[in-house]
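Fold and contact review
Single-letter residue listing:
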Amino acid sequence: EAGVTQFPSHSVIEKGQTVTLRCDPISGHDNLYWYRRVMGKEIKFLLHFVKESKQDESGMPNNRFLAERTGGTYSTLKVQPAELEDSGVYFCASSQPGTSAYNEQFFGPGTRLTVL
Amino acid sequence: AQSVTQPDIHITVSEGASLELRCNYSYGATPYLFWYVQSPGQGLQLLLKYFSGDTLVQGIKGFEAEFKRSQSSFNLRKPSVHWSDAAEYFCAVGRVQGGKLIFGQGTELSVKP
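Residues numbered from 1 in each chain as written. Chains lettered and ligands numbered in written order. Predicted model: local features only at pLDDT ≥ 70, side-chain atom pairs only at ≥ 80, totals over all residues. Heavy atoms only, no water.

**Quick look at the interface of chain A and chain B**
The partner chain B presents 24 residues to the 21 residues of chain A that form the contact. Taking both sides of the interface into account, the surface hidden between chain A and chain B amounts to around 1,800 Å²; carbon and sulfur atoms contribute 54%. Of all residues in chain A, I43, A101 and F107 of chain A bury the most surface against chain B, accounting for 29% of the area lost on that side. Across the chain A-chain B interface, the total number found is one salt bridge. Close ionic contact of E88 of chain B with R37 of chain A constitutes a salt bridge, the shortest N to O distance being 2.9 Å. The tally of links between chain A and chain B comes to six residue pairs in polar contact (both at pLDDT 80 or more). Listing elements by their share of the side of chain A that touches chain B, those giving two or more residues are β4 (31–37) and β5 (43–50) of chain A. Of the residues contributing to the side of chain A that touches chain B, the split by class is nine nonpolar, seven polar and five charged. (Contact = heavy atoms within 4.5 Å. Buried area = accessible area lost by both parts, 1.4 Å probe. Salt bridge = Lys/Arg side-chain N within 4 Å of Asp/Glu carboxyl O. Polar contact = N/O pair within 3.5 Å; in protein donor to acceptor, adjacent residues only side chain to side chain. Helix = DSSP H or I, 4+ residues; strand = E, 2+ residues; numbered from the N terminus. Nonpolar A, V, L, I, M, F, W, Y, C, P; charged D, E, K, R; others polar.)

Set out below in structure tokens:
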């Protein structure tokens with residue numbers, strides 16, 4: 001069974017440009033999470049989808065970040081326009097139906113975003 | 001506010017030596033506690049988790065962790081470290097509802113021959 005996949009693995013863009021990150025969760029996993037790790041800091045929660053609905057977006061830094069999950073399958077996270085402080089590793093995770101932390105979250109390898 | 005502290009940013013141990021990684025949490029209720037490991041180029045992998053019951057939990061790869069409510073700690077241990085254990089380790093706390101995880105800063109483990 002395929003795990004959580006993320007694309008691209010690396011992205012280098014200039015400040016002011018737009019970048020879109022993609023996450024494909026494990027098939028059948030209703031829950032999809034986005035996290036971010038800025039260099040030297042802890043991994044921080046961004047948002048949580050249950051199917052195509054945003055369950056919790058309390059961690060989204062500002063309105064330059066837009067997450068979607070059309071059809072409840074894959075998800076995209078768009079940053080527009082990108083700023084220097086957006087650099088970091090963006091992780092996606094998915095878990096089976098049920099919104100408790102009891103359900104193990106399976107993580108993708110992350111997308112390393114560098115904004116110059 | 002909920003938080004997780006991993007006091008050690010980097011630890012080096014000799015192969016075959018024992019290991020203990022520290023984790024302290026701040027949480028209003030009984031937490032769900034997790035340890036994840038990330039090897040280079042890989043995603044985070046769950047080592048073990050604690051929800052309730054026996055405070056000593058066993059995980060994969062020979063790891064165990066002990067929940068101590070009085071100390072708000074959930075330290076990770078391994079009796080004998082292997083070179084393949086070199087990785088970054090993350091402690092996390094989660095809620096009963098919502099699924100969101102709060103992570104510590106991570107501890108990078110180096111293993112010397």
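The discussion continues.
**Looking at the layout of surface pockets**
There is about 750 Å³ of room inside the largest pocket. Considering the residues around the largest pocket, the lining is formed by 30 residues, among which R37, V89 and R112 of chain A together with Q38 and E88 of chain B are closest to the centre. Those elements that provide at least two residues to the lining of the largest pocket are β9 (88–95) and β11 (111–115) of chain A together with β10 (87–94) and β12 (107–112) of chain B. Among the elements that take part in the lining of the largest pocket, β11 of chain A stands out by supplying four residues, more than any other. Taken together, the residues that form the lining of the largest pocket break down as 11 nonpolar, 15 polar and four charged. (1 Å grid on protein atoms, 1.4 Å probe; cavity = no way out; pocket = protein on both sides within 12 Å on 5 of 7 lines; lining within 4 Å. Points joined across faces, edges and corners; volume = space filled by probe spheres on them.)

**Side note on the nonpolar core**
L19, W35, L47, L48, F74, L76 and Y89 of chain B are the most contacted members of the largest nonpolar core, which has 28 residues in total. Elements with a contribution of two residues or more to this core: β2 (10–14), β3 (19–21), β5 (32–38), β6 (44–50), β8 (64–68), β9 (73–78), β10 and β12 of chain B. Formed by 21 residues, the second largest nonpolar core is a distinct cluster that contains V4, F65, A67 and V79 of chain A. (Core = buried A, V, L, I, M, F, W, Y, C linked by side-chain atoms within 4.5 Å. Buried < 20%, exposed > 50% of the residue type's maximum accessible area, 1.4 Å probe, protein only.)

**A few points about the state of the cysteines**
Residue and element names in this part refer to chain A. Per the counting criterion, the structure on display carries two disulfides over all chains. One disulfide bridge connects C23 with C92, the sulfur atoms lying 1.8 Å from each other. Across the S-S bond linking C23 and C92, the dihedral sits near -60 degrees, which makes this disulfide left-handed. In this pair, C23 sits in strand β3 (residues 19–24) while C92 sits in strand β9, placing the two residues 69 residues apart along the sequence. Each member of the pair, C23 together with C92, is buried. (Disulfide = S-S within 2.5 Å.)

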